Amino acid sequence: MEHFRVTLILVVCVVLYIAGATAQESDTLREKGVVRGYIIDTTPAQLPIAGVRVQIDNGKGHIFETTSAETGVFVYTDIPTDDYLMNIHKSGYQSRMGKPLVVTSGGVHSVPLTMNKQEDIFTKFQNLFRSEEPQGGTLQLWVMTLSPQSVPIENAEVKISQLSDSSNKVEITGTSYPDGQYRHDNLPSGLYFLTVSKDSYHTTLSMTVRENRMTTAAVKLPISDGTADTDIVPSQETDTKWVIRGKIFDTNFQQTPVSRVKVDISGRNLKYPKIAFSDADGEYEFVLPPGHYSISLFKVGYEEAIGLPEVTAESRQSSVTVIKEGMFVVYEAVAKGNVLALKHGISKKSFSEKYGQMIRKAIRQALLSAIIIGILGFFLSRHLNKRQRKNNQE
């Protein structure tokens, strides 16, 4: 009898241990997510890049690594929930470092990325003599419903207007495809104002197009995907004040907050622009009535952001994220209730941006002068030689 009791106790302990381990394993699995994305180059053809090394680093000694396939697609499953930075590397391309990524429990996170081809010394020399005629760029939008179950929105109306005073400025209207994507190629370089709308919802943003580059934005609207019990009802405009809270950071690897940035905000509801300065944490705040507003950022040594972005303090729930060259978030706006949270990424002016065009022009002029002087010297030398021979004959 005593032997039976001991056996029974041991069996119960084993069962409890297995049940506990199974529950712990189940909890662990629930606390993991999936990262899925694709990598293309920044040429107008946007070709997929195979063999790119993708690193997902939590900064605590854990690095998850995978490689892109022939289609440019990469997938990593069962990544523990945490805050990460993504880095991508491949020979012949410029490495990209520091894309923020937050992995949530059970989430499937889509991460589209781009890479620039490296220029060798011969390509850089050729660029000195390339045509000064403007080249086209690409705007790409992904229109989706809000998280956690983001679903592509088809037939969302997209209106694009070039922010230019010229009489031939670009005016384009289109709709998103079934996968939620909308893109337009060969756009002249410059600033563009975009309006994305669907089922009484709309949001606005400004985007910069650069030659032979693609600028991408993810726009999320509170459209019901049909799985909820009731559809989301569009909010009505009210006189309730909006709190606009912004944070300004440097688009470097550490994304350092930038203080003492002058922030100008203007709109039809304001007689005069309002001014604020970012604090030590890069943050600022305005309290404003509903409406459309334009924000400008100024700080010595940084690229100016004039009239960018156009923010909408009307939609109670929406989200916009603008990506710079596939890696860095340069603008993000999340509306929730009557609070509009903004993030701005600003870049320091590089030496080439300050003086690149002037240096290229000076080099071209110097080379042209050298060629002209060489030709003149050649004919002058021939003339002097002829004269010398004539004198010798006399």
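Below you will find a few notes about this structure.

Rules of the game
Residues numbered from 1 in each chain as written. Predicted model: local features only at pLDDT ≥ 70, side-chain atom pairs only at ≥ 80, totals over all residues. Heavy atoms only, no water. Helix = DSSP H or I, 4+ residues; strand = E, 2+ residues; numbered from the N terminus. Buried < 20%, exposed > 50% of the residue type's maximum accessible area, 1.4 Å probe, protein only. Contact = heavy atoms within 4.5 Å. Areas by Shrake-Rupley, 256 points an atom, 1.4 Å probe, with all protein chains shown as cover. Lys, Arg positive; Asp, Glu negative; His and termini not counted. Salt bridge = Lys/Arg side-chain N within 4 Å of Asp/Glu carboxyl O. Phe/Tyr/Trp six-rings, centres within 6.5 Å; stacked < 30°, edge-to-face > 60°. Pairing = 2+ DSSP bridges. Axes fitted to C-alpha atoms, helices over the stretch in contact; angles between N-to-C directions. 1 Å grid on protein atoms, 1.4 Å probe; cavity = no way out; pocket = protein on both sides within 12 Å on 5 of 7 lines; lining within 4 Å. Points joined across faces, edges and corners; volume = space filled by probe spheres on them. Core = buried A, V, L, I, M, F, W, Y, C linked by side-chain atoms within 4.5 Å.

1. As for the overall build of the chain
Link 1 in the chain: Each helix and strand counted, the chain has 3 helices and 23 strands in total.
Link 2 in the chain: Counting all 394 residues of the chain, 36% fall into the buried class.
Link 3 in the chain: Contacts in the chain between residues far apart in sequence, at least 24 positions, make up 59% of those at least 6 positions apart.
Link 4 in the chain: Accessible surface computed for the chain: about 23,300 Å², of which carbon and sulfur atoms make up 55%.

2. Section: the environment of proline 80
Link 1 in the chain: Along the chain, proline 80 turns up in strand β4 (residues 73-80).
Link 2 in the chain: For proline 80, a relative accessible area of 31% corresponds to the partly exposed category.
Link 3 in the chain: Beyond its immediate chain neighbours, meaning those up to four positions away, proline 80 contacts Glu31, Lys32, Phe64 and Val103.

3. Brief notes about the side chain of aspartate 264
Link 1 in the chain: As for its position among the elements, aspartate 264 is in strand β16 (residues 262-267).
Link 2 in the chain: Buried and without a salt bridge, aspartate 264 has lysine 262 as its closest oppositely charged side chain, separated by 4.1 Å.
Link 3 in the chain: With residues near it in sequence (within four places) discarded, aspartate 264 still touches Lys274, Ile275, Ser294, Ile295, Ser296 and Phe298.

4. A look at the pattern of salt bridges
Link 1 in the chain: Inspection of the entire model under this criterion finds 6 salt bridges.
Link 2 in the chain: The salt bridge partner of arginine 245 is glutamate 285, with a shortest N-O separation of 3.0 Å. Taken together, the residues span a long stretch of sequence, with arginine 245 in strand β15 (residues 242-250) and glutamate 285 in strand β18 (residues 283-288) at a distance of 40 residues.

5. Quick word on unusual backbone geometry
Link 1 in the chain: The phi torsion at aspartate 78 lies on the positive side, around 55°, for a residue other than glycine.
Link 2 in the chain: Within the secondary structure, aspartate 78 sits in strand β4.
Link 3 in the chain: With a phi angle near 60°, asparagine 155 is a residue other than glycine that sits in the positive phi range.
Link 4 in the chain: A relative accessible area of 46% places asparagine 155 in the partly exposed class.

6. Section: the packing of aromatic side chains
Link 1 in the chain: Applying the stated rule across the entire model yields 4 aromatic pairs.
Link 2 in the chain: Taking the centre distance of 5.7 Å and the plane angle of 70° together, the rings of phenylalanine 64 and tyrosine 76 count as edge-to-face. Of this pair, phenylalanine 64 sits in strand β3 (residues 63-67) while tyrosine 76 sits in strand β4, placing them 12 residues apart in sequence.
Link 3 in the chain: A relative accessible area of 24% means that tyrosine 76 is categorised as partly exposed.
Link 4 in the chain: Taking the centre distance of 5.5 Å and the plane angle of 75° together, the rings of phenylalanine 378 and phenylalanine 379 count as edge-to-face.

7. Concerning the sheet that holds strand β7 (residues 108-115)
Link 1 in the chain: Read across the open sheet, the 3 strands follow the order β4-β1-β7; overall the sheet is mixed. What marks the edges here is a single partner per strand, and that holds for β4 and β7. Shown here is a sheet whose adjacent strand axes are inclined to one another by a mean of 20°, direction ignored.
Link 2 in the chain: With 6 bridges connecting them, strand β1 (residues 32-41) and β4 associate as antiparallel partners. Across the sheet, residue lysine 32 finds its bridge partner in β4, namely proline 80.

8. Here's the deal with the sheet that holds strand β11 (residues 181-187)
Link 1 in the chain: Pairing is mixed in the open sheet, where 8 strands are placed in the order β11-β8-β14-β21-β22-β23-β15-β18. Each edge of the sheet is formed by a strand with only one pairing partner; in this case those strands are β11 and β18. When the angles between neighbouring strand axes are averaged without regard to direction, this sheet yields 15°.
Link 2 in the chain: Bridge analysis of β15 against strand β23 (residues 339-346) gives 8 bridges, and the strand direction is parallel. Its bridge partner lying in β23, phenylalanine 249 is registered against glycine 345.

9. Some remarks on empty space enclosed by the protein
Link 1 in the chain: If you walk through the whole model with that rule in mind, you get 2 cavities of 30 Å³ or more.
Link 2 in the chain: Space inside the largest cavity adds up to approximately 90 Å³.
Link 3 in the chain: Around the largest cavity, the lining comprises 14 residues; the ones closest to its centre are Thr203, Thr204, Thr312, Ser318 and Ala333.
Link 4 in the chain: Secondary-structure elements contributing two or more residues to the lining of the largest cavity are β13 (201-209), β20 (310-313), β21 (317-324) and β22 (328-336).

10. Quick notes on the nonpolar core
Link 1 in the chain: In terms of nonpolar packing, the biggest core is built from 49 residues, with Leu141 and Leu342 touching the most fellow members.
Link 2 in the chain: It is β13 that contributes the most residues to this core, 4 residues altogether.
Link 3 in the chain: Among residues more than four places away in sequence, those in contact with leucine 141 are Val158, Gly180, Gln181, Tyr182, Leu194, Val196, Met207, Ala217 and Val219.
Link 4 in the chain: Residues Ile56, Phe64, Phe74 and Met86 belong to the second largest nonpolar core, which totals 18 residues.

11. Quick notes on the side chain of threonine 203
Link 1 in the chain: Structurally, the position occupied by threonine 203 is in strand β13.
Link 2 in the chain: Under the relative-accessibility criterion, threonine 203 is labelled buried at 6%.
Link 3 in the chain: Setting aside chain neighbours within four positions, we find threonine 203 in contact with Leu194, Thr195, Val196, Val219, Leu221, Ser318 and Val320.

12. Remarks on the pairing of strand β17 (residues 274-277)
Link 1 in the chain: Bridge analysis of β16 against β17 gives 4 bridges, and the strand direction is antiparallel. Among the inter-strand pairings, aspartate 264 is bridged to a residue of β17, identified as isoleucine 275.
Link 2 in the chain: The hairpin turn running from β16 into β17, its antiparallel successor, is 6 residues long.

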